[in-house]
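Overview (structure and organization)
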Amino acid sequence: YTFTTADTGGANRILNHVRPTSTTATWNYMPAPADGTIDDQYFKDIVVDSLGQSHIVMYNHPLGDAIYLIRSPDATTLSNLSIDGGGIPGADVGRHISLAICPTTSPIGNSLHVAYYDQTNQALKYARCLRSCGNEGSWATSFVDPATPANPPTDNRGEFAQITCDSSGIIHIGYYHRTASSLQYANNANQCGNAVLEPTEQCDDGNLNDSDACRNN
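First, a word on scope: everything that follows refers to the structure included in this document. A quick note: this is a predicted structure, and the numbers were derived from the prediction, not measured.

1. A word on the overall build of the protein
- Assigned secondary structure in the protein consists of zero helices and 14 strands.
- Reading the helices (α) and strands (β) of the protein from amino to carboxyl end gives β-β-β-β-β-β-β-β-β-β-β-β-β-β.
- For the protein, buried positions account for 45% of its 217 residues.
- For the protein, restricting intrachain contacts to residue pairs at least 6 apart in sequence, the fraction spanning at least 24 positions comes to 41%.

2. Comments concerning the sheet that holds strand 13 (residues 171-177)
- If you walk across this open sheet you meet the three strands as 12-13-14, and the pairing is antiparallel. Looking at strand neighbours, the two that pair on one side only are strand 12 (157-165) and strand 14 (182-187), the edges of this open sheet. Averaged over all adjacent pairs, the angle separating strand axes in this sheet is 20°, with direction ignored.
- Note: strand 12 against strand 13, six bridges, orientation antiparallel. Across the sheet, Thr 164 pairs through a bridge with His 172, a residue of strand 13.

3. Notes on the state of the cysteines
- The full count for this structure, using the stated rule, is two disulfides.
- Paired by a disulfide, Cys 102 and Cys 165 hold their sulfur atoms 2.0 Å apart. Disulfide Cys 102-Cys 165: torsion about the S-S bond near 95°, hence right-handed. Highlighted residues: Cys 102 in the loop between strand 8 (93-101) and strand 9 (112-118) and Cys 165 in strand 12, separated in sequence by 63 residues. Like Cys 165, Cys 102 is buried.
- The disulfide bridge from Cys 129 ends at Cys 133, spanning 2.2 Å between sulfur atoms. Across the disulfide from Cys 129 to Cys 133, rotation about the S-S bond amounts to roughly -110°, and the bridge is consequently left-handed.
- Assessed through its relative accessible area of 0%, Cys 129 is described here as buried.
- Classification of Cys 133 as buried rests on a relative accessible area of 11%.

4. Points about the packing of aromatic side chains
- By the definition in use, this model includes three aromatic pairs.
- On the basis of an interplanar angle of 65° and a centroid distance of 6.0 Å, the ring pair of Phe 43 and Tyr 59 is categorised as edge-to-face. Of the two residues, Phe 43 sits in the loop between strand 3 (27-31) and strand 4 (44-48) while Tyr 59 sits in strand 5 (residues 54-60), which places them 16 residues apart along the sequence.
- The aromatic ring of Phe 143 is capped on one face by Lys 125, whose charged end is 4.5 Å from the ring centroid.

5. Observations concerning unusual backbone geometry
- Cis peptide bonds are those with omega within 30 degrees of zero, and the linkage from Asp 145 to Pro 146 qualifies with -5°.
- Going from Asn 151 to Pro 152, the amide bond is cis rather than trans, its omega being 0°.
- For His 96, which is not a glycine, the phi torsion comes out positive at approximately 55°.
- Locating His 96 in the fold gives a position in strand 8.
- One non-glycine residue, Gln 122, lies in the positive phi region at around 50°.
- As for its position among the elements, Gln 122 is in the loop between strand 9 and strand 10 (123-129).

6. Concerning the nonpolar core
- Ranked by internal contacts, the top residues of the largest apolar core, which has 20 residues, are Tyr 68, Ile 83, Ile 97, Leu 112, Val 114 and Trp 139.
- Secondary structure elements with two or more residues in this core: strand 5, strand 6 (65-71), strand 7 (78-84), strand 8, strand 9 and strand 10.
- Per-element tally for this core: the top contributor is strand 8, with four residues.
- Those residues in contact with Val 114 that sit more than four places away from it in its chain are Val 57, Ile 83, Ile 97, Ser 98, Leu 99, Lys 125, Tyr 126, Ala 127, Trp 139 and Ile 163.

7. Observations regarding the side chain of Asp 49
- Along the chain, Asp 49 turns up in the loop between strand 4 and strand 5.
- Within the local environment of Asp 49, its side chain forms a polar contact with the backbone nitrogen of Leu 51, the two atoms lying 2.9 Å apart.
- Only 2.9 Å separates the side chain of Asp 49 from the side chain of His 55, close enough to count as a polar contact.
- The contact partners of Asp 49, leaving out residues within four places of it in the chain, are His 55, Ile 101 and Asn 110.

Quick notes on the rules
Residues numbered from 1 in each chain as written. Predicted model: local features only at pLDDT ≥ 70, side-chain atom pairs only at ≥ 80, totals over all residues. Heavy atoms only, no water. Helix = DSSP H or I, 4+ residues; strand = E, 2+ residues; numbered from the N terminus. Buried < 20%, exposed > 50% of the residue type's maximum accessible area, 1.4 Å probe, protein only. Contact = heavy atoms within 4.5 Å. Pairing = 2+ DSSP bridges. Axes fitted to C-alpha atoms, helices over the stretch in contact; angles between N-to-C directions. Disulfide = S-S within 2.5 Å. Phe/Tyr/Trp six-rings, centres within 6.5 Å; stacked < 30°, edge-to-face > 60°. Lys NZ or Arg CZ within 6 Å of the ring centre and 35° of its normal. Core = buried A, V, L, I, M, F, W, Y, C linked by side-chain atoms within 4.5 Å. Polar contact = N/O pair within 3.5 Å; in protein donor to acceptor, adjacent residues only side chain to side chain.

Structure representation (structure tokens):
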């Protein structure tokens, strides 16, 4: 699991990850790396894959980006990368972040999927990684609701997001529509590029390769 601790001065907060080293009550403690001073990491989520690998996502408050962390094979360190918002001036994405891993029996087993709130655009966003998730280029992001945000925003959707992946590889997201004061639901069924071969499709590579006769649109 993950938790947050204050430094000796009480001003800054550090994200930590602990995991059992065996079936006993012994836990392995690993402070997460940080880009600059991370003063608040209260939005975070964790999943463990079929190989026992821990995957963590979090909101980096000072930089306003969504971060992905992965535990090293020897279970001693955590490395991190930005999956959205990194290097974009004025961006504030990653609040209300939620992480899911697809079942190994699904067409996209062990792939990672993230739902989160884009404060800048007041919209729900989605990020996914089908493989090699420790590489920043393996992550793809998109808007879910609204699909094309207004500028400036005229609606507020996407807070309190929760995401899951079913046995067919379909992604389901629940979230709050603040403007309408209502609970909303979205999924990517029957969507070109979701990496799931559905009855109406001849192929679907997840829009990963432009050269395999499976067009990326």
